[in-house]
Amino acid sequence: MREEEKRQLKVLLRDYDARYDGQLCLLGEECHSRGYHTQMKTGSRVHSMERSLVYAVGLMDSGDEEYRKRASDIIREVLKHQDQTPDSATFGIWPYFCEEPLERMCPPDYNSADFCCKMLLQILLDHGNRLDEGLRQRMEQACIYGCQSIIRRDVPVQYTNIAVMDCYVSIMTGQFCDRRDLFQYGLKKLQCFWAFTKSNGGYLEYNSPNYTLLVARDLSLFRNQVKNAGLSALLDEMLDFTWDSISSHFFALSGQWMAPNARCYEDFLTDENLTDIEIATGNIGKFASEFKISVFTYRNRLCCPVKYRKRFTQTQKGFSQVINARGFLYPYVSFPQVSSCYVAESFTLGSFNRSEFWNQIRPLKAFLGTGKTCLRLRVLHDGFDFSSAMLHCVQYENKVLGIINFSDDRGDMHVNLDPIKDRKISVQDLRVRFGIYGELGDVILEKKEGGAQFALGQIRGSIRILYSVLDDEKAQIEVSTTPEGAFCDVVFYHGHGKTVDLGKLSSAVCGFFLEIRDEDEETAVFEVRRESERIKIGARFGRIQIPDMSVEAFLRPVNFLDNGTKDVQCLNGKRLEDYVACKGKGIGEKLKLVAERILEADGSRWEMDIRHFDWVPGVGLYGLCRAYQVTGKREYLKFLLSWAEDHLHQAFAQKTVNSSAPLLTLLFLYEEIGKKEYLQICLRLADEILQNAPLTVDGGLEHTVTEDVEGFSDQIWADTLFMVCIFLARLGKVAGNGKYIDFAAKQLRIHHKFLRDSETGIYYHGWNGKNRNHMSGAHWARANAWILYSTVEILSVTSFFEGREEIENFLRGQAMALRKLQKGNGMFTTLLEDPYSYDEISATAGIVAGIHRAVKVGLLSGAYDEMFVKAVKHFENWIGSGGEVMGVSAGTPVMPDLESYKTIPIRETLYGQGLMLLALAETWE
């Protein structure tokens, strides 16, 4: 830490010093409780374990000797409060406060193991040599106990910030204490977390200012302290992903984080958060009203990649909608859900098409003007956000049409920690609130018939209440301005306390229309219809380019799962119900999306660079060939022909195994249009392979690549069969020349001989002929996809050859083994026998495509087609709205050890697109 940073830290510590209780050796402060886990009342004086440890970290970082002694006293005291009894249910964790032991908490918070151990690790890692030996050993033991609690609990990877902290604490404790078991647990979990996050298209707490910044801080701290090269690369990728998300949701005009937000604790970014963003982006003094560091600011060393920094200073105008198949509803219910965000010159408006109204969610929110002013939609039960209220809405640009109703089986103040009992709530006040918060000096809010209008400078807005009843009694509209904010309220009930049975209400809904603008208001015509148990609201506009809007929901409270059905939304002008229908049953729509993503590929990243003659575009192009075969879409053929003409001159540049992959497409085009030049190039390069390609000591094709690397002398890889041998077998059939078929068949036998694991029936990634071993010994999933698909293709175009019967038996053995390893979601993990390695979609697609083809040509019995069906029905979860295939591991050589396979980053790749097309094409035939 630099001297200026230490000076700033010591200024910060003065506030902590004033709250330090020298008798208890803990930090004393006022309790600010959200009502979870603790029964201590807000305002009561407490002594916090975690906050005291944060103080201790700052004391040690200051470098002062007196502060070191105080930190040691704090640590000794905090360690006394950890449950260190192994057979205890709370083993390894701490209470929040010394005034409230674990047995009095309601319930204990098991996350305290993460938070407290994270603080202890800072001191051990950076200041361990300044502590006495006995205290250091006790701290190490406390961290190990904390890790054992973490492992025992093993929170799911969906729980973003705790999952990341689990990984951090386990890996860093394992690294510091030389505990490989803890290190391996953390590493496996981090890989699973990242695979899940990538497949989900983002952190599950979608667009959360709190969680995303927490992850950015923890990943940065992690990256600064870890000593493993492979892990560092993975963390770099995760950080890039995180800053992309942060920057794309930043409203530069007011320096705020745009809505909607799945988890959000405050309406505006704090000065501490904004200071972190200023430091990370090099914009000191730009956003925060006061430069405000925390104890961890200079430990985290946040750094936003340069490529994203302009987003923090330039307003990103436009309208975007993102669909997420798993949804963001807590706790992770799999409803398709859309996030919409409209950004104008002077305001931004965001919404979820469906959401609860828990106080940690911002389902509909706008930022207005240059200052800290926002409009937020809430449902309040006696002044607190009512978690059982539910929003159903449709947004198109600056307009939102919505219905608010209720679930009868969710929570009151918290969606699951505070469940409603017997569907009954005690009520003195229940209302929907359109609230304007923050800086209100220039805000004007006026009541109008059926709602309200508001203005801030040039910004205008209108709120129309279209239908609002509770048990068929019409709600009242109130408009007021208080020091807290300016409000348009739809009051369902206000008066003496009474019990409301949600299960017996005949109706409880509020329908509304919200528009924010900086120009003339659009003329809208609304229609409200009650049909049986549902209400439908529609809006039509005079301008033809604005689509009609409609939304529907249950009139009365129903269970949560039912309440999320039949919601509709516009997805850039297209109905979400139509889009979801396509995702549910339209294989053609999925194939079209994936294929057209290849047509849009460029050279911005190696994995999506289609402008060279190599294996990455080669696999993608072959997938496009299959897409053309089954759909007959001329645009695919036109693209393939254009690519061939543009890249023929590269065909002879390197003459490697990997650069041979596009020849399969060239041969296909010859068969399609009969252009002899294509066949001549294929024959010349095939002869080059037969005559000059380097062979290993075992006679197999040595796996040669186009990249500038040392090479893989005497190595046989599973990849080679797909890149070269399918082409040679097909060429032999097309050209009527048996020498190419014979060569392909010989290589097929050699690869099966040296890569097959005779005990399991599955295949290794590679074989080193010189060292006579399988190197890392990895049963890599994509290697098995290359082997299986290539074997089926070669066998299907060849007749009898020596050893064919044995190969067919090997194929059946592989299929049998893979059937046992396929997961319930149809997927295969990247290391087939390691359930802690991440699910990998390109391998899955390649395997099941090969299985289905084998069934069709009679190489496998029809029973194996269950594997194909099982996988295909889950493919929609791995295909993004832009056609990108998610969950694909980046280019992977034979790695030095098994753990390294699990650190291979996830990328969007042309070969992932291609393998997915091979599988989707099988559903057509």
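Numbering of residues starts from 1 in each chain and follows the order in which that chain's sequence is written. Reporting of local features is limited, given that this is a predicted model, to residues whose pLDDT is at least 70; pairs of side-chain atoms are given and counted only at 80 or more, and all residues count toward the totals for whole chains, interfaces and linings. Each side-chain value is worked out from all heavy atoms of the structure, with water and hydrogens disregarded.

Digging into the overall build of the protein chain
Across its full length, the protein chain holds 26 helices and 31 strands. A compact globule built from 925 residues would reach a C-alpha radius of gyration of about 29 Å, and the protein chain, at 31 Å, matches this within 12%. Based on the C-alpha atoms only, the size of the protein chain along its principal axes is roughly 90 × 75 × 50 Å. Type-normalised accessible area, obtained with a 1.4 Å probe on protein chains alone, sets the label of each residue: buried when under 20%, exposed when over 50%, and partly exposed for intermediate values. Looking at the 925 residues of the protein chain, the share that counts as buried comes to 62%. Pairs of residues are marked as contacts when any of their non-hydrogen atoms sit within 4.5 Å. Here the contacts in the protein chain between residues at least 6 apart in sequence split such that 68% fall between residues at least 24 apart. Per-residue accessibility takes into account occlusion by the displayed protein chains alone, with areas from the Shrake-Rupley method and a 1.4 Å probe. Working note: accessible area of the protein chain is about 35,000 Å², and carbon and sulfur atoms make up 47% of it. Here the protein chain contributes 108 positively and 123 negatively charged side chains, and the mean placements of these two sets differ by 1 Å. Under the scheme used here, helices are H or I runs from DSSP no shorter than 4 residues and strands are E runs no shorter than 2 residues, and both carry numbers assigned from the N terminus. Based on C-alpha atoms, the radius of gyration is set beside the globule rule, defined as 2.2 Å times the residue count to the power 0.38. His residues and chain termini do not enter the charge count, which takes Lys and Arg as positive and Asp and Glu as negative. By convention, charge coordinates are those of NZ in Lys, CZ in Arg, CG in Asp, or CD in Glu.

What about the packing of helix 19 (residues 719–735) against helix 20 (residues 738–755)?
Throughout, an axis means a line fitted to C-alpha atoms (over the contacting stretch in the case of helices), and angles, computed between N-to-C directions, take values from 0 to 180 degrees. The interhelical angle for the contact between helix 19 and helix 20, taken along N-to-C directions, is 150°, at an axis separation of 7 Å. The angle between helix 19 and helix 20 places the two elements in the roughly antiparallel class. Note on packing geometry: the crossing formed by helix 19 with helix 20 is left-handed. Seen from helix 19, the contacting residues are Thr720, Leu721, Cys725, Leu728, Ala729, Leu731, Gly732 and Lys733; seen from helix 20, they are Tyr740, Ile741, Phe743, Ala744, Gln747, Leu748 and His751. Note that Gly is not counted as nonpolar here; it falls among the polar residues with everything else outside the nonpolar set of Ala, Val, Leu, Ile, Met, Phe, Trp, Tyr, Cys and Pro and the charged set of Asp, Glu, Lys and Arg. Of the residues that constitute the contact of helix 19 with helix 20, the class distribution is 10 nonpolar, four polar and one charged. Should an angle fall under 35 degrees it is called roughly parallel, over 145 degrees roughly antiparallel, and 65 to 115 degrees roughly perpendicular, with every other angle called oblique. By convention the crossing between two helices is left-handed if the near helix lies anticlockwise of the far one by an angle smaller than a right angle, and right-handed if it lies clockwise.

A few points about the packing of helix 15 (residues 615–631) against helix 16 (residues 634–647)
The contact between helix 15 and helix 16 brings their axes to 8 Å, and the two run at 145°. Seen along the crossing, helix 15 lies across helix 16 with a hand that is left-handed. Here Leu621, Leu624, Cys625, Ala627, Tyr628 and Thr631 of helix 15 lie close against helix 16, whose contacting residues are Arg634, Tyr636, Leu637, Phe639, Leu640 and Trp643. Residue composition of the contact of helix 15 with helix 16, grouped by class: 10 nonpolar, one polar and one charged.

Things to note about the environment of threonine 844
Looking at the element boundaries, threonine 844 is found in helix 23 (residues 841–856). When the C-alpha atoms of threonine 844 and leucine 79 are compared, they prove to be 48 Å apart, with 765 residues separating the residues in sequence. Filtering out sequence-adjacent residues up to four positions away, threonine 844 remains in contact with Gly826, Met827, Phe828, Ala871 and Phe875. Think of a polar contact as two N or O atoms within 3.5 Å of one another; within protein, one of them needs to be a possible hydrogen donor and the other a possible acceptor, and neighboring residues in sequence only count if both atoms come from side chains. There is a polar contact of 3.0 Å between the side chain of threonine 844 and the backbone nitrogen of phenylalanine 828. Side-chain polar atoms of threonine 844 contact the backbone oxygen of glutamate 840, separated by 2.8 Å.

Considering the packing of aromatic side chains
Think of it this way: a Phe, Tyr or Trp ring, Trp meaning its six-membered ring, pairs with another when their centres are within 6.5 Å, and the plane angle makes it stacked under 30 degrees, edge-to-face over 60, tilted otherwise. Under the defined criterion, the tally for this structure stands at 32 aromatic pairs. For the pair phenylalanine 193 and tyrosine 203, a centre-to-centre distance of 6.0 Å together with 15° between the ring planes defines the contact as stacked. Of this pair, phenylalanine 193 sits in helix 7 (residues 180–200) while tyrosine 203 sits in the loop between helix 7 and helix 8 (209–225), and the two are 10 residues apart along the sequence. Exposure remark for phenylalanine 193: the relative accessible area of 1% places this residue in the buried category. Taking the relative accessible area as the measure of exposure, tyrosine 203 reaches 6% and is therefore buried. Each ring, one from phenylalanine 250 and one from phenylalanine 312, has its centre 5.0 Å from the other, and the planes form 50°; the classification is tilted. In this pair, phenylalanine 250 is assigned in strand 4 (residues 250–251) and phenylalanine 312 in the loop between helix 11 (297–300) and strand 6 (318–324), connecting sequence segments 62 residues apart. For the residue pair phenylalanine 250 and phenylalanine 312, the accessibility class agrees, reading buried in each case.

Focus: the pattern of salt bridges
Any carboxyl oxygen of Asp or Glu within 4 Å of a side-chain nitrogen of Lys or Arg constitutes a salt bridge here. The final tally for this structure, using the stated rule, is 60 salt bridges. Taken together, the shared-partner salt bridges in this structure form one network comprising Arg626, Arg730, Glu793, Arg853, Lys856 and Glu922.

Description of the sheet that holds strand 23 (residues 524–531)
Here, any two strands with at least 2 DSSP bridges between them count as paired. Strand order in the open sheet formed by three strands is 23-24-25, with antiparallel pairing between adjacent strands. Pairing within the sheet leaves two strands with one partner each, and these edge strands are strand 23 and strand 25 (549–554). Along the sheet, successive strands turn relative to each other by an average axial angle of 15°, direction set aside. Examined bridge by bridge, strand 23 and strand 24 (residues 534–541) share eight bridges and lie antiparallel to one another. Following the sheet pairing, arginine 529 is matched in strand 24 by lysine 536.

Digging into the pairing of strand 2 (residues 26–30)
Buried residues dominate strand 2, accounting for four of its five residues. For strand 1 (residues 20–21) and strand 2, the ladder comprises two bridges, and the chain directions are antiparallel. Looking across to strand 2, one finds that aspartate 21 is bridged to leucine 26. In sequence, strand 1 turns back onto strand 2 through a hairpin of four residues, with cysteine 25 there showing a positive phi of about 60°. Pairing of strand 2 with strand 3 (residues 45–48) involves four bridges; the strand directions are antiparallel.

Concerning the nonpolar core
Among soluble globular proteins, nonpolar side chains are generally buried collectively. In this structure, Phe222, Leu231 and Phe875 are the most contacted members of the largest nonpolar core, which totals 207 residues. Considering every element that reaches this core, the biggest residue donor is helix 21 (residues 781–797), with 11 residues. For leucine 231, the residues in contact, after removing those within four places along its chain, are Ile171, Phe183, Leu187, Leu190, Phe222 and Val226. Nine residue types can take part in a nonpolar core, namely buried Ala, Val, Leu, Ile, Met, Phe, Trp, Tyr and Cys, and a core is a set of them joined through side-chain atoms within 4.5 Å. Counting 69 residues, the second-largest nonpolar core is a separate cluster that includes Leu364, Tyr396, Phe434 and Ala539.

Side note on helix 5 (residues 133–153)
For a helix, the expected span equals 1.5 Å multiplied by the number of residues minus one. Its 21 residues place the ends of helix 5 30 Å apart at the C-alpha level, agreeing with the 30 Å of an ideal helix rising 1.5 Å per residue. Within helix 5, burial applies to Leu135, Arg136, Met139, Ala142, Cys143, Ile144, Tyr145, Gly146, Cys147, Ser149 and Ile150. Two to three positions downstream of the cap, the backbone nitrogen of glycine 134 sits 3.2 Å from a side-chain oxygen, assigning the N-cap of helix 5 to aspartate 132. Within two residues after helix 5, aspartate 154 carries a phi angle of roughly 50°, on the positive side.

What about the confidence of the model for the protein chain?
By definition, pLDDT measures how confident the predictor is in each residue, and it falls between 0 and 100. A residue-level look at the protein chain finds 94% of positions with pLDDT of 70 or above and a mean pLDDT of 91. Note that pLDDT drops below 50 for residues 579–585; the model gives that stretch 16 contacts with residues more than four away or on any other chain.

Let's talk about the side chain of aspartate 865
Examined against the element boundaries, aspartate 865 turns out to sit in helix 24 (residues 865–872). One buried charged side chain, aspartate 865, makes no salt bridge at all; its nearest oppositely charged neighbour is lysine 856, positioned 8.9 Å away. A distance of 2.7 Å separates the side chain of aspartate 865 from the side chain of histidine 852, its partner in a polar contact. Not counting the four nearest positions on each side in its chain, aspartate 865 is found in contact with His852 and Val855.

Digging into the state of the cysteines
In this description, a disulfide is simply a cysteine sulfur pair whose atoms lie within 2.5 Å. Within this structure, the stated rule accounts for zero disulfides. In this model cysteine 106 remains outside any disulfide bridge; the closest cysteine sulfur is found in cysteine 31, 14 Å from its own. Relative accessible area serves as the criterion here: at 47%, cysteine 106 is assigned to the partly exposed category. In this model cysteine 143 remains outside any disulfide bridge; the closest cysteine sulfur is found in cysteine 117, 4.5 Å from its own. Take cysteine 143: its relative accessible area is 0%, and that puts it in the buried class.

Section: the sheet that holds strand 2
The three strands lie next to each other as 1-2-3, forming an open sheet whose pairing is antiparallel. Sheet topology places strand 1 and strand 3 at the edges, where each strand pairs with a single neighbour.

Some thoughts on the environment of tyrosine 298
Mapped onto the elements, tyrosine 298 comes out in helix 11. Under the relative-accessibility criterion, tyrosine 298 is labelled buried at 12%. Sequence-distant contacts of tyrosine 298, that is, excluding residues within four places in its chain, are made with Met1, Glu5, Gln8, Ile279, Phe291 and Ile293. Within polar-contact distance, the side chain of tyrosine 298 engages the side chain of glutamine 8 at 2.5 Å.

A closer look at helix 1 (residues 3–19)
In this model, helix 1 (17 residues) spans 25 Å end to end at C-alpha, consistent with the 24 Å of a helix rising 1.5 Å per residue. All of the buried residues along helix 1 are Glu5, Gln8, Leu9, Leu12, Leu13, Tyr16 and Arg19. Residues of helix 1 that are buried in the fold lie against strand 1, strand 2, strand 3, helix 2 (49–62), helix 3 (65–80) and helix 11.

Some points on the side chain of aspartate 385
With respect to the secondary-structure elements, aspartate 385 resides in strand 12 (residues 384–385). Taking the relative accessible area as the measure of exposure, aspartate 385 reaches 5% and is therefore buried. Reaching out from aspartate 385, the side chain makes a polar contact with the side chain of arginine 376 at a distance of 3.4 Å.

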